[in-house]
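# Commentary on secondary and tertiary structure
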Amino acid sequence: MKRLIGLFLILMVGMGFPVWAEQAKTFTEQMEKLQPLVGKWKTRSIFPGKNLEVPGELEYRWVLGKNWLRVEFVGQHPERPFWEAYVMIKFDTAKNLYIAYAFFNADDPVIEV
């Protein structure tokens, strides 16, 4: 009986491994497409109704073993004393698309797919 269970487990792992390996490869390839974004960026936000242009800073950084891309934004806003946002981006192999979780200092969090 123990041999039968052991053989069953080996077969199950063996059959699942190619799928897992392919998903890991797809995940890595899709996340690597975001590499050009990594780094620090200067931004400018334009508010046409106010005829105003304000500076900001944006940083893309790999986190959690390059499984997530973290985005941090800090800028000026004409109607708020402080303007800040954090975003976490990951590729979802099951849905075959990127997902993002965005958090803002003045608004509710947003989950975008």
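Owing to the predicted nature of the structure, the values given are computational and were not obtained by experimental measurement. (Residues numbered from 1 in each chain as written. Predicted model: local features only at pLDDT ≥ 70, side-chain atom pairs only at ≥ 80, totals over all residues. Heavy atoms only, no water.)

## Some details on the confidence of the model for the chain
Rules: pLDDT: the predictor's confidence for each residue, scored from 0 to 100. The helix count covers DSSP runs of H or I at least four residues long, the strand count covers runs of E at least two residues long, and both are numbered beginning at the N terminus.
Model confidence for the chain is summarised by a mean pLDDT of 77, while 71% of its residues fall at 70 or above. When the elements of the chain are averaged for pLDDT, helix α1 (residues 2-32) gives the smallest value, 56, and strand β2 (residues 52-63) the largest, 90.

## Points about the side chain of D92
Quick note on the threshold: Residue exposure (1.4 Å probe, protein chains only): buried if accessible area is under 20% of the type maximum, exposed if over 50%, otherwise partly exposed. Neither His nor the chain termini are counted; the positive set is Lys and Arg, and the negative set is Asp and Glu. In the sections that follow, a salt bridge refers to a side-chain nitrogen of Lys or Arg positioned within 4 Å of a carboxyl oxygen of Asp or Glu. Polar contacts, as counted here, are pairs of nitrogen or oxygen atoms within 3.5 Å of one another; within protein the pair requires one atom able to donate a hydrogen and one able to accept it, and residues that are adjacent in sequence qualify only if both atoms are side-chain atoms. In this description, contact between two residues means that some pair of their heavy atoms is separated by no more than 4.5 Å.
Inspection of the secondary structure assignment puts D92 in strand β4 (residues 80-92). Here D92 is buried and forms no salt bridge, its nearest opposite-charge partner K95 lying at an N-O distance of 4.3 Å. Here the side chain of D92 touches A94 through a polar contact of 2.9 Å, landing on its backbone nitrogen. Apart from residues lying up to four places away in sequence, D92 is in contact with L97 and I99.

## Considerations on the nonpolar core
Soluble, globular proteins show a tendency: their nonpolar side chains are buried together. Heads up, the condition is: To qualify as a nonpolar core, a set must consist of buried Ala, Val, Leu, Ile, Met, Phe, Trp, Tyr and Cys residues joined through side-chain atoms within 4.5 Å.
M31, L34, L69, V71, V87 and I89 are the most contacted members of the largest nonpolar core, which totals 18 residues. For this core, the secondary-structure elements that each account for two or more residues are α1, β2, β3 (68-77), β4 and β5 (97-104). Ranked by residues supplied to this core, first place goes to β4 with five residues. M31 has contacts with W62, K66, N67, W68, L69, I89, K90, F91 and Y98, leaving out every residue within four places of it along the chain.

## As for the pattern of salt bridges
Considering all chains together, one arrives at five salt bridges under this definition. The shortest N-O distance in the salt bridge between R44 and E53 comes to 2.9 Å. Judged by its relative accessible area of 55%, R44 is exposed. By relative accessible area, E53 is classed as partly exposed at 47%.

## Section: the environment of V63
Along the polypeptide, V63 turns up in strand β2. Note on V63: relative accessible area 18%, which makes it buried. Linking V63 and M88, residues 25 residues apart in sequence, is a C-alpha distance of 9.2 Å. Residues in contact with V63, not counting those within four places in the same chain, are W68, R70 and M88.

## A look at the packing of aromatic side chains
Formally: Centres within 6.5 Å make a pair out of two Phe, Tyr or Trp rings, where for Trp the six-membered ring is used; the pair is then stacked when the planes are under 30 degrees apart, edge-to-face when over 60, and tilted otherwise.
Applying the stated criterion across every chain, the model contains three aromatic pairs. Ring geometry for F73 and W83: centres 5.1 Å apart, planes at 85°, overall edge-to-face. A residue pair is termed long-range when its members are at least 10 positions apart, and F73 in strand β3 and W83 in strand β4 qualify at 10 residues. Here F91 and Y98 contribute two aromatic rings whose centre-to-centre distance is 5.1 Å and whose plane-to-plane angle is 75°, an arrangement assigned as edge-to-face. The buried category is assigned to F91, whose relative accessible area is 5%. Overall, the relative accessible area of 28% leaves Y98 in the partly exposed class.

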